[in-house]
Amino acid sequence: MESFATTALRSDAVAAAASQHPEHFRVLTGERPTGPLHLGHYFGSIRERLRLQQLGVETFLVLADYQVITDRDTTAHVRENVYGAVLDYLAAGMDLDQTTIFTHSSVPALNQLMLPFLSLVTEAELHRNPTVKAELAASGRALSGLLLTYPVHQAADILFCKGNLVPVGKDNLPHVEMTRVIARRFNARYGEVFPIPDALITSSPEVPGLDGRKMSKSYGNTIALSMTADETVAVIRQTQTDQERRITFDPERRPGVSALLSTAALCLGLEPTQVADDVGDGGSSELKNVTAMAVNEFLGPLRKRRQQLAVHEGLVHEVLKRGNEVANHVAENTLTEVREAMRTVY
Ligand code: TRP
């Protein structure tokens, strides 16, 4: 496994290259539709995508519905989560002229790539993958075959469209590493088909949840982009803080207070310590007011656009229909190249 420093250095180099030559890059990234998108998604990835979009880089965005069932046994809310995410993307400013939004399960040729890819990795490599291990531990369940092979599936996500730039948070880096391995092995065995993609590590990859742990739907510590201002105030009020009047940034000792400071700071474009100084001796309740106001102000325009978009019935369906058409076309072309390289054209 490559060191984080090496990956980070390459990430910087590739970020510079993307601003110089956006036309050399194709971004593939995505989300698992397990719940509403939240501030962690915004600062961890959406903001970076908007920046790349402004540079003129073409983007493929997968709503990874098949990844939902890696560690759960229902698809009950997948559809509403997918629809909600599309609205969030559009409200955040993703431009459909440059971005193709699609769903895993609608693109058979993408999923078929997983078969030859599975032959290129060993079971031991899959068991060693840090993301698989972390997700397994978090799920508290037996390891499903799909969770074990999740990195290979994600390689198919990236390589089906020959994505060469993958903006991800730290927790998804091992997937990009595995994708590089798979692309190299495929090319070595069958001939050059795939680019070797680079990870682009996003600048604030870890946004704390309201309890100081990672912001994650499964911990129930998130601020959803789609919440109303009042709902936002309510979740922020529920944050577990402490009795000390003086507000200080101390993630180890004061996880709740520090998570609020980090959240407010991201929304205000300040450092957490600056926000702490501003709140001073105001105590937790003042900190909560400041944080709620910062979040609501920051998300206000997005939420307004989201409401306006939501009125258009059929809009999200149409966006996905078109995105899936494009993704299918691209995936079929790649699968044809793969068949030719493998000499399995009959
Ligand atoms: N696994 C990613 C997550 O948990 C979502 C995802 C699916 C993804 N396919 C991808 C990210 C391909 C980057 C590239 O959020």
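This one's a predicted model, so the numbers in the text were calculated from it and none came from an experiment. (Residues numbered from 1 in each chain as written. Predicted model: local features only at pLDDT ≥ 70, side-chain atom pairs only at ≥ 80, totals over all residues. Heavy atoms only, no water.)

## Quick word on the overall build of the protein chain
Part 1 of the argument: Of regular secondary structure, the protein chain possesses 15 helices and five strands.
Part 2 of the argument: At 21 Å, the protein chain has a C-alpha radius of gyration in line with the 20 Å of a compact globule built from 346 residues.
Part 3 of the argument: Taking the principal axes of the C-alpha coordinates as reference, the protein chain spans close to 75 × 45 × 45 Å.
Part 4 of the argument: Every one of the 346 residues in the protein chain was classed for burial, and the buried ones make up 52%.
Part 5 of the argument: Pairs at least 24 apart in sequence give 76% of the contacts found in the protein chain among residues at least 6 apart.
Part 6 of the argument: Summed over all atoms, the accessible surface of the protein chain reaches about 16,100 Å², with 52% contributed by carbon and sulfur. (Helix = DSSP H or I, 4+ residues; strand = E, 2+ residues; numbered from the N terminus. Rg over C-alpha atoms; globule rule 2.2 N^0.38 Å. Buried < 20%, exposed > 50% of the residue type's maximum accessible area, 1.4 Å probe, protein only. Contact = heavy atoms within 4.5 Å. Areas by Shrake-Rupley, 256 points an atom, 1.4 Å probe, with all protein chains shown as cover.)

## Quick notes on the packing of aromatic side chains
Part 1 of the argument: Applying the stated rule across the entire model yields 10 aromatic pairs.
Part 2 of the argument: When the ring of Phe186 is compared with that of Phe194, the centres are 5.2 Å apart and the planes differ by 75°; the resulting orientation is edge-to-face.
Part 3 of the argument: Taking relative accessible area as the criterion, Phe194 reaches 3% and is therefore assigned buried.
Part 4 of the argument: What links up through ring pairs into an aromatic cluster is the set Phe117, Phe186, Tyr190 and Phe194. (Phe/Tyr/Trp six-rings, centres within 6.5 Å; stacked < 30°, edge-to-face > 60°.)

## A look at unusual backbone geometry
Part 1 of the argument: At Lys162, a residue that is not glycine, the phi angle is positive and equals roughly 55°.
Part 2 of the argument: With respect to the helices and strands, the residue Lys162 is situated in the loop between helix H9 (150–160) and strand E4 (165–168).
Part 3 of the argument: Accessibility expressed as a relative area gives 26% for Lys162, which makes it partly exposed.
Part 4 of the argument: A positive phi angle, near 55°, is found at Arg343, a position not held by glycine.
Part 5 of the argument: Its place among the elements puts Arg343 in the segment after helix H15 (315–342).

## Focus on the domain arrangement of the protein chain
Part 1 of the argument: By domain assignment, the protein chain separates into domain 1 (4–204 + 313–342) and domain 2 (217–310).
Part 2 of the argument: Computed over C-alpha atoms, the centres of domain 1 and domain 2 are 30 Å apart.
Part 3 of the argument: Listed per partner, the contact involves 19 residues of domain 1 and 17 residues of domain 2.
Part 4 of the argument: Between domain 1 and domain 2, the buried area comes to about 1,600 Å², and carbon and sulfur atoms account for 70% of it.
Part 5 of the argument: At the junction of domain 1 with domain 2, the criterion picks out one salt bridge.
Part 6 of the argument: Measuring nitrogen to oxygen at the nearest pair gives 2.6 Å for the salt bridge that ties Arg306 to Asp88.
Part 7 of the argument: Applying the counting criterion to the domain 1 and domain 2 interface returns five residue pairs in polar contact (both at pLDDT 80 or more).
Part 8 of the argument: For the side of domain 1 that touches domain 2, the secondary structure elements donating two or more residues are helix H2 (39–55) and helix H4 (78–92).
Part 9 of the argument: Ranked by the residues each element gives to the side of domain 1 that touches domain 2, the list is headed by H4, at six residues. (Domains from an automatic or database assignment. Buried area = accessible area lost by both parts, 1.4 Å probe. Salt bridge = Lys/Arg side-chain N within 4 Å of Asp/Glu carboxyl O. Polar contact = N/O pair within 3.5 Å; in protein donor to acceptor, adjacent residues only side chain to side chain.)

## Section: the nonpolar core
Part 1 of the argument: Core analysis: the biggest nonpolar cluster contains 48 residues, and Leu39 and Tyr89 have the highest contact counts within it.
Part 2 of the argument: Counting residues per element, the ones that place at least two in this core are H2, strand E2 (58–63), H4, helix H11 (229–237), helix H12 (255–268), helix H13 (272–279), helix H14 (283–310) and H15.
Part 3 of the argument: Per-element tally for this core: the top contributor is H4, with nine residues.
Part 4 of the argument: Viewed by domain, this core spans two of them, domain 1 (4–204 + 313–342) and domain 2 (217–310), each represented by three or more residues.
Part 5 of the argument: Of all hydrophobic cores here, the second largest spans 40 residues; its members include Leu28, Leu110, Leu113 and Phe186. (Core = buried A, V, L, I, M, F, W, Y, C linked by side-chain atoms within 4.5 Å.)

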